[in-house]
Amino acid sequence: MNTILIILFCIVIFEILVKVYFYFISFSHLDPSRSNYLSKEYQPYLNWIEDYSIPMFEYMPIGFRIFNKKNKSLDGIAKINSLGFRTEEFVEKKEGELRILLIGASTAFGCGSSSNETTIAGFLEKKFNQDIKSYPKKSYAKVFNLAQVNSTSTQDIINLSFFSINLKPDIVIGYLGWNELISSYGQDENFIKKFETFSINEIDDTKSKFYLEADLKKNFFNSLNLFLNRYVFIYKIISKLILRNSVKFNNQNYNSLEIIKNRFKLNQKIFIKNIEILQKLSYAYNFNFYAFTQPYIYKKEKLVDNEMKVVDLYSYARPVHGGENFATFLRNKDIYKDVIKECEKKNIKIYNLINIFKDETIEVFYTLVHNNDYGYKRVADEIYKLINIK
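Cut-offs and rules
Residues numbered from 1 in each chain as written. Predicted model: local features only at pLDDT ≥ 70, side-chain atom pairs only at ≥ 80, totals over all residues. Heavy atoms only, no water. Helix = DSSP H or I, 4+ residues; strand = E, 2+ residues; numbered from the N terminus. Buried < 20%, exposed > 50% of the residue type's maximum accessible area, 1.4 Å probe, protein only. Contact = heavy atoms within 4.5 Å. Areas by Shrake-Rupley, 256 points an atom, 1.4 Å probe, with all protein chains shown as cover. Core = buried A, V, L, I, M, F, W, Y, C linked by side-chain atoms within 4.5 Å. Pairing = 2+ DSSP bridges. Axes fitted to C-alpha atoms, helices over the stretch in contact; angles between N-to-C directions. Polar contact = N/O pair within 3.5 Å; in protein donor to acceptor, adjacent residues only side chain to side chain. Phe/Tyr/Trp six-rings, centres within 6.5 Å; stacked < 30°, edge-to-face > 60°. Lys NZ or Arg CZ within 6 Å of the ring centre and 35° of its normal. Bend = angle between axes of the 7 residues up to and from the residue. Salt bridge = Lys/Arg side-chain N within 4 Å of Asp/Glu carboxyl O.

Draft legend 1. Structural context of the overall build of the protein chain. Scanning the protein chain for helices and strands turns up 14 helices and 7 strands. A burial count over the protein chain gives 49% of its 390 residues as buried. Counted over contacts in the protein chain with a minimum sequence separation of 6, partners at least 24 positions apart contribute 75%. Working note: accessible area of the protein chain is about 20,400 Å², and carbon and sulfur atoms make up 56% of it.

Draft legend 2. Representation of the nonpolar core. Within the largest apolar cluster, 101 residues are counted, with the highest numbers of intra-cluster contacts made by W178, I275, F292, Y298 and I383. Element by element, the count of residues in this core is highest for helix α10 (residues 256-285), at 8 residues. If sequence neighbours within four positions are ignored, I275 has contacts with L176, F289, A291, C343, I348 and I350.

Draft legend 3. Fine view of the pairing of strand β1 (residues 57-60). Direction of pairing for β1 relative to strand β2 (residues 64-67): antiparallel, over a ladder of 4 bridges. The residue bridging E58 from the neighbouring strand is I66, located in β2. Adjacent in sequence and paired antiparallel, β1 and β2 are bridged by 3 residues, among which G63 carries a positive phi angle near 120°.

Draft legend 4. Structural context of the sheet that holds strand β3 (residues 97-104). Spatially, the 5 strands line up as an open sheet ordered β4-β3-β5-β6-β7, and their pairing is parallel. A single partner strand is all that each edge strand has here, and the edge strands are β4 (140-145) and β7 (350-351). Two elements, strand β5 (residues 171-176) and strand β6 (residues 288-293), share 6 bridges in a ladder whose sense is parallel. Its bridge partner being in β6, I173 is matched across the sheet by Y290. Sitting on the sheet, helix α4 (residues 120-130) touches β3, β4 and β5, and the angle it makes with β4 is about 170°. Those strands touched by helix α5 (residues 153-167) are β3 and β5, and its axis lies near 165° from that of β3.

Draft legend 5. Geometry of the side chain of N267. Relative to the helices and strands, N267 resides in helix α10. Looking at N267, its side chain comes within polar contact range of the side chain of S184, at 3.2 Å. Not counting residues up to four positions away in its chain, the partners in contact with N267 are E180, L181, S184, I192 and F198.

Draft legend 6. Region of interest: unusual backbone geometry. Of note, N150 is a non-glycine position whose phi angle comes to about 70°, a positive value. Along the chain, the position of N150 falls in the loop between β4 and α5. In this structure, K168 takes a positive phi of about 50° despite not being glycine. Locating K168 in the fold gives a position in the loop between α5 and β5.

Draft legend 7. How the structure looks around the packing of aromatic side chains. All chains considered together, the criterion is met by 20 aromatic pairs. With a centroid separation of 5.9 Å and an interplanar angle of 50°, the aromatic rings of Y42 and Y366 are classed as tilted. One end of the pair, Y42, is in the loop between α1 (2-24) and α2 (43-50); the other, Y366, is in the loop between β7 and α14 (373-387), with 324 residues separating them in the sequence. Using a relative accessible area of 2% as the deciding quantity, one classes Y42 as buried. According to the relative accessible area criterion, Y366 is buried, its value standing at 8%. Measuring from ring centre to ring centre gives 5.5 Å for F357 and F365, while their planes differ by 85°; the resulting arrangement is edge-to-face. Residue F357 is classed as buried on the basis of its relative accessible area of 1%. Three or more aromatic residues link up through ring pairs in this structure, and these residues are W48, F57, Y59, F67 and F109. Residue placement shows R65 over the ring face of F57; its charged tip is 5.2 Å from the ring centre. Above the plane of the ring of F109 lies R86, whose end atom (NZ or CZ) is 5.2 Å from the centre.

Draft legend 8. Structural detail: α5. Along α5, the helix axis deviates most sharply at S161, where the bend reaches about 35°. In terms of burial, α5 is largely enclosed, as 11 of its 15 residues are buried. Within the span of α5, buried status applies to S153, T154, Q155, D156, I157, I158, N159, L160, F163, S164 and L167. Buried positions along α5 lie against β2, β3, β5, α6 (178-181) and α10. The first or second residue beyond α5 is K168, which carries a positive phi of 50°.

Draft legend 9. Spotlight on the pairing of β3. In terms of residue burial, β3 counts as a mostly covered element, since 8 of its 8 residues are buried. What you see with β3 is no split at all: E97, R99, L101 and I103 on one side and L98, I100, L102 and G104 on the other are buried throughout. Strand direction decides the pairing type here: β3 and β4, joined by 6 bridges, are parallel. If you follow L98 over to β4, its bridge partner there is A141.

Draft legend 10. Main features of the pattern of salt bridges. Within this structure, the stated rule accounts for 19 salt bridges. For K358, the salt bridge identified is with E301, shortest N-O distance 3.9 Å. Here E301 lies in the loop between β6 and α11 (305-317) and K358 lies in the loop between β7 and α14, a separation of 57 residues in the sequence. Take K358: its relative accessible area is 33%, and that puts it in the partly exposed class. With relative accessibility at 54%, the residue E301 sits in the exposed group. The salt bridge involving K385 is made with E382; its shortest N-O contact spans 3.4 Å. Of this pair, K385 and E382 both sit in helix α14, 3 residues apart, which is roughly one turn of that helix. Assessed through its relative accessible area of 48%, K385 is described here as partly exposed.

Any link to function would need more than the numbers given here.
So this is what it looks like as structure tokens:
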């Protein structure tokens, strides 16, 4: 008993000494997290994304993923309605209203924006209202943002299927592509091959209570690892050291780029199918559907210092997508080209915004795809212009 107490006492003393040491000496060089590289203006969103103490989302078993209103990390920046969308409350459409819905993932949601008014949806509402005379019998415009972080066009289909009947949109704008073609490589390949649809990837392996017995050991060790990382400083430091030296963060060995390439044709097929479904929903609910692809940082030729840090983060410090090889792949490839070509064969028009920031000289990107207010305004202006070409 005395031996055990002595060991515990030594561990506690060592824990205190390590904390004191790292209080004076930063251990950021051990930490591949994004907070050390991304702009300070983006930090509220990063804190929301990386804080696991309160879930980001709520889920409904039919396939809804919505913002968790109990999470207050974005209070003062993002106004969320009672249904979990970053927009005003859904109300009955009034006579003379031009109603627009925006669908998509985190960029459409507005990660990086300083307010709801400076998201793509916010800027679009201003543009439509400034030119409302171009729409006969319409006296004002309202844009509702149905985008959700980490989403794909599969969730957009579900949202439109359930909400369009009451919202009665005149126009639906899809800002799509990155999650479908690039970020979905972590999803269960057998699932998406079998059902030809994208899943909600963070709950891919979620099972009902009837299956928990088989995973008791796995769940216990996962929970223990999370507990120790959060409350035992020594364990946290050791974990970071292991992580930095593991194959996962070795730029030469990490194989996610190969997974992305191998999965690319399948992802394209599902994305095209989803665009076709969205187009058919427009016929069913009598709205005009416009699809736009998302730009990404590797197509911007004149990066500012903060944007260079973003590239360094994903090329060297945290090469979770494949590092510099991933960057080269995306610089040299238009990932949307074949999707647009196939959709044109089906008489579906997709507007490609991949090069919208190619010659931009000021800061636009906070991450690989998320923009600042100026970037979102540029996107909204371009979307509005393309929709209203006579």
